[in-house]
Amino acid sequence: MDSCEVVHRKKAEVAVVRPRVPDHVEQFCPRHLDLGKVISLLEDPLTTNMLEKHIFVLKKLFKRKQQGFLLRELASISRIIKVCGEKADKQPEYCSILCEALNISRLPFLKEKVSDELNYAEDVKQFLSRMGYLMGVSDGEVRRKVVESVKSYFNCSSPSKPPLDGMVRPAKPKYRTLHYRNRFLLRPQPTSPGYRLQLLEHSDLAKTLFLSAAALEHQPAIKLLLLQTLQLLSSTSDMNCALMLSVRGAESVCLRLNEPDPSGLILFHSSEILWNLLECSNKAAVAAQLNNLECAISLKEAFNHALLNASRHVDLQIRNDLLVLATLFAENSCALLIESLFAKQLVALSTFPELKSSLVGDLKLTYNMEDLQMKKLLLNLLVVMSRDPATTPVAAPASIFKEEQVILALLTLARPPAGPSEEKSGSRDWSYVQMEELQLQALAVLATVAPLMLDHYMACYGNVALLHLLDWCARQDGYCGQGHSFHATGGRGSKKAHMRYCIRLMRAVTSLDDKTLNQDLCDQGTIQLFLGLLMQMESSPGDEDAFTVEMKSDMQVILSALCESDMHRKELFGSEGVGMTVHFLKRGAGMFYSGLGHNKLLLATLMCVRTCIVGCCPTEDFFLAQDGVLVLLDLLSSSPKCVHSVVLATLLELCDNQNTIPHILSWSDGGGRTAPSLLLRLWRREEEELGVSRNHHGGITDPKQPILAHRKVDDAELMSTLDTASAAVLEMQENLLAKIYLIFCRIGFEDLPGLSVKDRVTLSIVKRYLDFKVSEVWDEISRELSLEGVRPVTPDQETLRIARQMSQRTAEEVVAEQEEILRQHAQEANKEEELMYEEMKSHWKQRQLTAKSWSNFVSKTSNYDILKEIKEKREKHMETIRTEPTEEDVAQRHEEVFIGKLMVDTDSDGRGSVNLKVVQTPVMAAAHEEVLLAPREPRYFNTVPVKD
């Protein structure tokens, strides 16, 4: 009976006090070598030189570990590898042991418990770091095994493992609890996928491998394998990239791009590593490491080699990747590219094949997709270089652009494309789709480059080329744009993308306000062309999208730039341009927040009114005839607050024309609000946003600060300590109050239609706005002197005191005026109330008389005696009236027959003086008879207000 069974039998007889170890662990332990003794054998001074014993024990140890290392053993294995690595250079026999250990390390680590992965994570990191340190061993085979082991970690497929040597599936233990089932596995299992790679990121293996590349100069095969491994490490983890950058990895790789390479793959893997560092780590850190002249020269040589020797698809990709790195150089410091003469070569290459240059040589393009990508990268490089002007004008990018005739090449590339039917069969050139992409990108590049070289742009007849292209865009010739590239977005099946970038380019050059360029555009009919295009686009509103709205906005901006400072061009803008602006203004601000750019379109239209119409009497008069002022007021009442300042400024400039005032005063919205009432409502809203203190009637509450917000006092004191303009003056530019005041100065402050009591109270403040602002400036001067500790001389101090008193006195006068307005309004309200009560009393008396008349009529028809009595009275009355009546009787008779009505005649606005008129109204016939017989009663008036 073997010893294990005896142990089991003894264990069974003893009372179970604590959990029993599973049987499979007990079966494994007798065959397990004590790693502590192995370490002692290697490190003990007495046995440290026993080479043969060491080799025998280590081979025996690693032979039993052919299925992988247990996680709990990694700390000891790492220590053994460390000792062997230290001895390997002097005693090469240990190299075979290290290779064997590295072969085993390629297998997944084994865990005995579910919690082992977490408990031994630190040991795994130390083990992986120790593997990287083995690159310091000079033996080439060890280095190869290290790199291959690390590279194998990225192999997701793991082969099936046979049962471990010496470890059979144990029989079910006699005593097993749920606690054992959770903690112990039936046999060691591989760690979870990705566990080793996750811990590799937290070790310094990537950094160690990267540093070891310098020691592999004479081992090119291993160096190539190392670069492949570093490429894997950098492509899968940002932390690995950060570790490489911590040892200036980007600079090291860039400087080694041109090392001898029989295989031709070192350049490929090095460029891939640089690309991964750019994508997965801090781009600024990569740029900082590459920002030196040596890297620029190395990149230039590598690019030239790839450009001239590119024959395979992978070589073309390497060339384009290096071009991306050159773009990174240009983004950070274009001066390095210029100093290394790399910039001049790239600029010359960007003009190929449109122009020939000696720097390009006999370069041949195959016009495939990789060559197209290179061309697009070169065009993009021009934009990047133009953003970083160099320190000296001679070495500036613009001078290189002029020397290599970049503008001419771009204009040649941007000319109207030839249709598919016009392509020459058998000719090697860009395809129809490729040419569209390059043309659109050339137009986009010109929008950035042309403003830097206007003289060169004019020398190449840039305006002629653009107008020719714009004319081609306006023609309907069946052109079908492909719309596959970034610049062709939204233009598929049409010329919309070409027109968009052509107009954007014209906006870029006209915004510089160059008189020669703008005059050249006007001489070629640009104003009429744009007016026609705008109305043509408006004729098909169903096709309106973000790009169409952008083109409309840009064209109006161009028209504004052309007509702003020239009266003759405003006359050319004429009635057609006025009709265009009025049309766009009538669209209103309903789509202002649509997200398609209608906000820019509305602002561009308002700018077009100010620059193309205002200041020219014929166009202003036509604008007024087209109800342009009324449309502006409609826009002011319905637009968001951000547009109010521009609309008010436009109205204010139009007020210089005396014909504008009647249009403003005649405007009213759907609710009956007039233009003065609208302006006063905007004034109150602006004061509310500024925090100015007002009562519920809109009147002044603090005569000492009639228009200054309390919260702005501290801001004014802060700005007084800075070297800035006056806060009171700056405040006039930031809000609408000054514009509203100036408009009222044009239309007047008296006899304004449609003002309520609150409007009249606000108008009293508007009338004194300038006085209040002057007083506010004096107060600001006084505060500044006080903060600076400066005492004015006595006359100046007296002037400041008088100014403060005048401000307060003016405010008190305004308060008194506001109180008078409110008092008059209260009196008018009381009079109207009295008249209303008189009318009610007259109506009531008339109802009583009508009821009494009806009662008398009913009594006559229902009672014969009453009828006889009335008849007798009537006969007696007829006898009395046969005699000649006196004048008094006539007057008395008329007074008895008619009931008076009180007629009120007021002014047209309802607030004028009250004129009373007495109008006589007859009563019903039956009531008349009763009145004749009854004693005379006092008259009652009907106070119904009527208008003439």
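Each chain carries its own residue numbering, running from 1 in the written order of its sequence. Given that this is a predicted model, residues contribute local features only at a pLDDT of at least 70 and side-chain atom pairs are listed and counted only at 80 or more, while totals for whole chains, interfaces and linings are drawn from all residues. Side-chain measures here rest on the full set of heavy atoms in the structure, leaving out hydrogens and waters.

Visitor: Help me get a handle on the overall build of the protein, residues and values and all.
Guide: Secondary structure counts use DSSP, requiring at least four H or I residues in a row for a helix and at least two E residues in a row for a strand, with both numbered from the N terminus. When helices and strands are tallied, the protein shows 47 helices and 5 strands. Contacts: residue pairs with any heavy atoms within 4.5 Å of one another. Across the protein, the fraction of contacts at a sequence separation of at least 24, relative to all contacts at a separation of at least 6, is 75%. Only the protein chains shown count as cover for residues, and the accessible areas themselves come from Shrake-Rupley with a 1.4 Å probe. As presented, the protein carries roughly 48600 Å² of accessible surface, and 54% of it is formed by carbon and sulfur atoms.

Visitor: Mind laying out unusual backbone geometry, listing which residues take part and the relevant values?
Guide: In this structure, Pro353 follows Phe352 across a cis peptide bond, with omega equal to 10°. Here Pro353 shows up in the loop between α21 (342-350) and α22 (369-386). Even without a glycine there, the phi angle at Gln405 is positive, about 55°. Position of Gln405 relative to the elements: it lies in the loop between α23 (397-403) and α24 (406-413).

Visitor: A description of helix α32 (residues 567-586) should follow, citing residues and the corresponding values.
Guide: To get the bend at a given residue, fit one axis to the seven residues ending there, fit another to the seven starting there, and take the angle between those axes. The largest bend in α32 is about 70°, located at Gly574. Buried residues belonging to α32 abut α29 (515-523), α30 (526-538), α31 (546-563), α33 (598-612), α34 (617-625) and α35 (628-638). Sitting at the head of α32, Asp566 places a side-chain oxygen 3.0 Å from the backbone nitrogen of His568. Just downstream of α32, Gly588 is the residue with a positive phi angle, here 70°. As used in this structure description, the phrase polar contact means that two N or O atoms lie within 3.5 Å; if the pair is within protein, one of them must be able to donate a hydrogen and the other to accept it, and residues adjacent in sequence are counted only when both atoms belong to side chains.

Visitor: If you had to explain the pattern of salt bridges to someone new, which residues and values would you point to?
Guide: The salt bridge definition used is simple: a Lys or Arg side-chain nitrogen within 4 Å of an Asp or Glu carboxyl oxygen. Taken as a whole and judged by the stated rule, the model has 39 salt bridges. The partner of Arg504 in a salt bridge is Glu550, with the nearest N and O atoms 2.5 Å apart. Of the two residues, Arg504 is situated in helix α28 (residues 496-510) and Glu550 in helix α31; the sequence distance between them amounts to 46 residues. Judged by relative accessible area, which is 22%, Arg504 ranks as partly exposed. A residue is classified by how much of its surface remains accessible, and Glu550, at 21% relative accessible area, is partly exposed. Of the charged contacts in the structure, one is a salt bridge between Lys552 and Glu538, with a shortest N-O distance of 2.5 Å. Of this pair, Lys552 sits in helix α31 while Glu538 sits in helix α30, and the two are 14 residues apart along the sequence. Only protein chains enter the accessibility calculation, which uses a 1.4 Å probe. A residue is then buried if its area is under 20% of the maximum for its type, exposed if over 50%, and partly exposed in between. Judged by its relative accessible area of 14%, Glu538 falls in the buried class.

Visitor: An account of the side chain of Gln231 is needed here, citing residue identities and associated values.
Guide: For Gln231, the location among the structural elements is in helix α13 (residues 220-236). Judged by relative accessible area, which is 17%, Gln231 ranks as buried. Every residue in contact with Gln231, bar those within four places of it in the chain, is listed here: His269, Glu272, Ile273 and Asn276.

Visitor: A description of helix α4 (residues 51-63) should follow, citing residues and the corresponding values.
Guide: For a helix, the expected span equals 1.5 Å multiplied by the number of residues minus one. Spanning 13 residues, α4 covers 18 Å between terminal C-alpha atoms, matching the ideal 18 Å at 1.5 Å per step. Every buried residue of α4 is accounted for by His54, Ile55, Val57, Leu58, Leu61 and Phe62. Packing partners of the buried residues in α4 comprise α3 (35-43), α5 (74-88) and α6 (93-105).

Visitor: Let's hear about the confidence of the model for the protein: which residues, and what values?
Guide: Predictor confidence is given residue by residue as pLDDT, running from a minimum of 0 to a maximum of 100. Mean pLDDT over the protein: 82, with 82% of residues reaching 70 or higher. The model gives residues 1-31 a pLDDT under 50, and that stretch makes 32 contacts with residues more than four places away or in other chains. Considering only residues more than four positions removed or in separate chains, one finds that residues 935-948, a stretch of pLDDT under 50, has 39 contacts.

Visitor: Run through the side chain of Lys570, naming residues and quoting values.
Guide: Its location among the elements puts Lys570 in helix α32. Charged-residue counts in this description rest on Lys and Arg as positive and Asp and Glu as negative, His and the chain ends being excluded. Notably, Lys570 is buried but unbridged: the nearest opposite-charge side chain belongs to Glu620, and the N-O separation is 7.3 Å. Sequence-distant contacts of Lys570, defined by excluding residues within four places in its chain, comprise Cys563, Glu564, Thr611, Cys612, Val614, Gly615, Cys616 and Thr619.

Visitor: Quick rundown of the nonpolar core? Include the residues and the values.
Guide: Note on soluble globular proteins: their nonpolar side chains tend to be buried together. Leu58, Phe62, Ile80, Leu322, Leu559 and Phe744 are the most contacted members of the largest nonpolar core, which has 236 residues in total. Those residues within four positions of Leu322 in sequence are excluded, and the remaining contacts are Leu257, Leu267, Ser271, Leu299, Ala302, Phe303 and Ala306. Residues grouped as a nonpolar core are buried Ala, Val, Leu, Ile, Met, Phe, Trp, Tyr and Cys residues, joined through side-chain atoms within 4.5 Å.

Visitor: So what's going on with the state of the cysteines? Which residues, and what values?
Guide: Cysteine sulfur pairs qualify as disulfides if the two atoms are within 2.5 Å. By the definition in use, this model includes 0 disulfides. Unpaired in terms of disulfides, Cys295 finds its nearest cysteine sulfur in Cys254, a separation of 4.1 Å. For Cys295, a relative accessible area of 0% puts it in the buried group. Between Cys616, a free cysteine, and Cys617, which holds the nearest cysteine sulfur, the sulfur-to-sulfur gap is 6.8 Å. According to the relative accessible area criterion, Cys616 is buried, its value standing at 1%.

Visitor: Could you give an account of the packing of α28 against α31, naming the residues involved and the relevant values?
Guide: Only C-alpha atoms enter the line fits that serve as axes; for helices the fit covers just the stretch in contact. Angles between N-to-C directions range over 0 to 180 degrees. Interhelical geometry of α28 versus α31 gives an angle of 30° and a closest axis separation of 9 Å. Classified by the angle their axes make, α28 and α31 are roughly parallel. As α28 runs across α31, the sense of the crossing is left-handed. Where α28 approaches α31, its residues Lys496, Met499, Arg500, Ile503, Arg504, Met506, Arg507 and Thr510 are matched on the opposing element by Phe547, Thr548, Glu550, Met551, Asp554, Met555, Val557, Ile558, Ala561 and Leu562. When residue character is reported, Ala, Val, Leu, Ile, Met, Phe, Trp, Tyr, Cys and Pro are called nonpolar, Asp, Glu, Lys and Arg charged, and the others, Gly included, polar. Here the residues of the contact of α28 with α31 are counted per class, giving 10 nonpolar, 2 polar and 6 charged. Under this scheme an angle from 65 to 115 degrees is roughly perpendicular, one under 35 degrees roughly parallel, and one over 145 degrees roughly antiparallel; angles in between are oblique. The sense of a crossing depends on the near helix, which, turned anticlockwise from the far helix by less than a right angle, makes the crossing left-handed and, turned clockwise, makes it right-handed.

Visitor: Tell me about the environment of Trp472, and please be specific about residues and values.
Guide: Its place among the elements puts Trp472 in helix α27 (residues 462-474). Look at Trp472 and you get buried, because its relative accessible area is 5%. With 56 residues separating them along the chain, Trp472 and Pro416 place their C-alpha atoms 7.0 Å apart.

Visitor: I'd love a proper account of the environment of Leu603, names of residues and values included.
Guide: Tracing the backbone through its elements, the reader meets Leu603 in helix α33. In this structure, the C-alpha to C-alpha distance between Leu603 and Val643, residues 40 residues apart in sequence, is 7.5 Å.

Visitor: Got a sec to walk through the packing of aromatic side chains? Specific residues and values, please.
Guide: Aromatic rings in a pair are described by how distant their centres are and how their planes are angled relative to each other. Each Phe, Tyr or Trp ring (for Trp, its six-membered ring) is paired with any other whose centre lies within 6.5 Å, and the angle between the two planes then decides the class: stacked below 30 degrees, edge-to-face above 60, tilted in between. Using the criterion set out here, one finds 11 aromatic pairs in the structure. Ring centres 6.2 Å apart and planes at 70° place the aromatic pair Phe62 and Phe69 in the edge-to-face group. Taken individually, Phe62 and Phe69 each receive the classification buried, so the pair is uniform in this respect. Taken together, the ring pairs connect Trp683, Tyr741, Phe744, Phe749 and Tyr769 into an aromatic cluster. Look at NZ for Lys and CZ for Arg. If either is within 6 Å of the ring centre and within 35 degrees of the ring normal, a charge sits over the ring. Arg196 extends its terminal NZ or CZ atom over the ring of Phe109, reaching a point 5.1 Å from the ring centre. A cation over a ring is seen here: Lys495 above Trp472, with NZ or CZ 4.4 Å from the ring centre.

Visitor: Got a sec to walk through the packing of α3 against α4? Specific residues and values, please.
Guide: Running from N to C, α3 and α4 point in directions that differ by 155°, and their axes come no closer than 10 Å. One finds that α3 runs roughly antiparallel with respect to α4. As α3 packs across α4, the resulting crossing turns out to be left-handed. Residue-level inspection shows Leu35, Val38, Leu41 and Leu42 of α3 in contact with α4, the latter providing Lys53, His54, Val57, Leu58 and Leu61.

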